[in-house]
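# Observations on the three-dimensional arrangement
Each chain, letter by letter, is given below.
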Amino acid sequence: MRATLSLSPLQKVRNMNVQGYLSGERRYVAQPMIVLIGFMGAGKSSVGRELARMIGTTFADLDEEIVRTAGRTIAEIFQHDGEAEFRRLEREQLRVVLEETDPVPGVLALGGGAFVQLWNEELLRENGATIVFLDASVEELQRRCHEPGVARPLAANERKFRELYQKRRETYARAHFTVNTQGRTVKQVAHEVMLLAVPSRHRTQ
Ligand code: S3P
């Protein structure tokens, strides 16, 4: 049974979302938002979707929110307005998701560069998010980025991709938890994130 998300006073508490407690009872429990970070190709969106399904909560993808709000693809924003403008939109969208969305999503996937902007990291921490870093080797990430899917402006140049990966790893490692995704399925990774980051009383499997 999926909860209706409109009634609990818990929703008034910042950082909390409300999810249905499965097992026949209509009970509502609050749970901090889980935010997935990591480099391009880490699987943040697919794992986020699967994790939200597993724990019966809502999912949002920050890049998808940006695209929806701007009415343009990420590649178009980079091409026409440059990376600085993309970062501004990203920051504003993160603020909207955390502070103006009711209820806030239970699981949020960020784009690879979002967490390395200090302002965004601070906003997430202030809002009590549980931050999970999805990691893999740079070779594996590069291979995944070459699979058909979303166009990634910062994945086009192999050397720059590696440099950016090295530069960002230290910041990603400030997450509350790190999960290795190398050679593992989306389901396996989502399950490990659940075990690490979701208190057992919130789990439905
Ligand atoms: C970026 C990663 C992309 C997207 C944009 C910039 C980055 O998201 O936000 O192209 O700076 O690493 P994914 O990590 O989902 O590919």
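Before going into details, it helps to say that this report is about the structure given with it. The residue count restarts for each chain, going from 1 along the sequence in the order it is written. Local features in a predicted model are, by the rule used here, given only for residues with pLDDT of at least 70; side-chain atom pairs are given and counted only at 80 or more, and totals for whole chains, interfaces and linings are based on all residues.

### Some remarks on the overall build of the protein
A tally of regular secondary structure across the protein gives seven helices and seven strands. Listing each helix as α and each strand as β along the protein from the N terminus yields β-β-β-α-β-α-α-β-α-β-α-α-β-α. The buried share of the protein, reckoned over its 205 residues, is 35%. A residue pair is marked as a contact if its C-beta atoms, positioned from the backbone, fall within 7 Å. Partitioning the intrachain contacts of the protein with sequence separation of at least 6 by distance along the chain shows that 72% fall at a separation of at least 24. Secondary structure elements are defined from DSSP: runs of H or I of at least 4 residues count as helices, runs of E of at least 2 residues count as strands, and each element is numbered from the N terminus. The burial criterion counts other C-beta atoms lying within 10 Å of a residue's C-beta, which is placed from the backbone; the residue is buried at 20 or more, exposed at 12 or fewer, and partly exposed between these limits.

### Considerations on the nonpolar core
A set of buried Ala, Val, Leu, Ile, Met, Phe, Trp, Tyr and Cys residues, joined through C-beta atoms within 7 Å, is what we mean by a nonpolar core. Grouped together as the largest cluster of nonpolar side chains are 46 residues, with contacts concentrated most on V35, L36, I37, L51, L110, V132 and V193. Contributing elements (two or more residues each) for this core: β3 (34–37), α1 (44–55), α2 (62–70), α3 (74–100), β5 (107–109), β6 (130–135) and α7 (186–197). If we ignore the near neighbours within four places in the chain, the residues touching L51 are I34, V107, A190, V193 and M194.

### Some thoughts on the pairing of β3
Two faces, one strand: in a regular strand the side chains alternate between the faces of the sheet. What you see with β3 is no split at all: I34 and L36 on one side and V35 and I37 on the other are buried throughout. In this analysis, strands are considered paired if DSSP registers two or more bridges between them. Bridging between β3 and β5 involves three bridges; their strand directions are parallel. Across the sheet, the residue bridging to L36 is A109, located in β5. Of the strand pairs in this sheet, β3 and β6 are connected by four bridges, and their pairing is parallel. When the bridges of β6 are listed, I37 appears paired with F133.

### Describing the site of the ligand
By nearness alone, every residue bordering the ligand is listed as M40, K44, D63, I74, G111, G112, G113, R152, P153 and L154. Residues that form the shell around the ligand fall into these classes: four nonpolar, three polar and three charged. Contact assignment follows one rule, namely that a residue is near a molecule or strand if its backbone-placed C-beta atom lies within 6 Å of it. Residues are grouped as follows: nonpolar covers Ala, Val, Leu, Ile, Met, Phe, Trp, Tyr, Cys and Pro; charged covers Asp, Glu, Lys and Arg; every other residue, Gly included, is treated as polar.

### What to know about unusual backbone geometry
Apart from glycine, the bulk of residues carry a negative phi angle, and the bulk of peptide bonds sit in the trans form. For the bond from D102 to P103, the omega torsion is 0 degrees, close enough to zero to count as cis. Of note, P103 is situated in the loop between α3 and β5.

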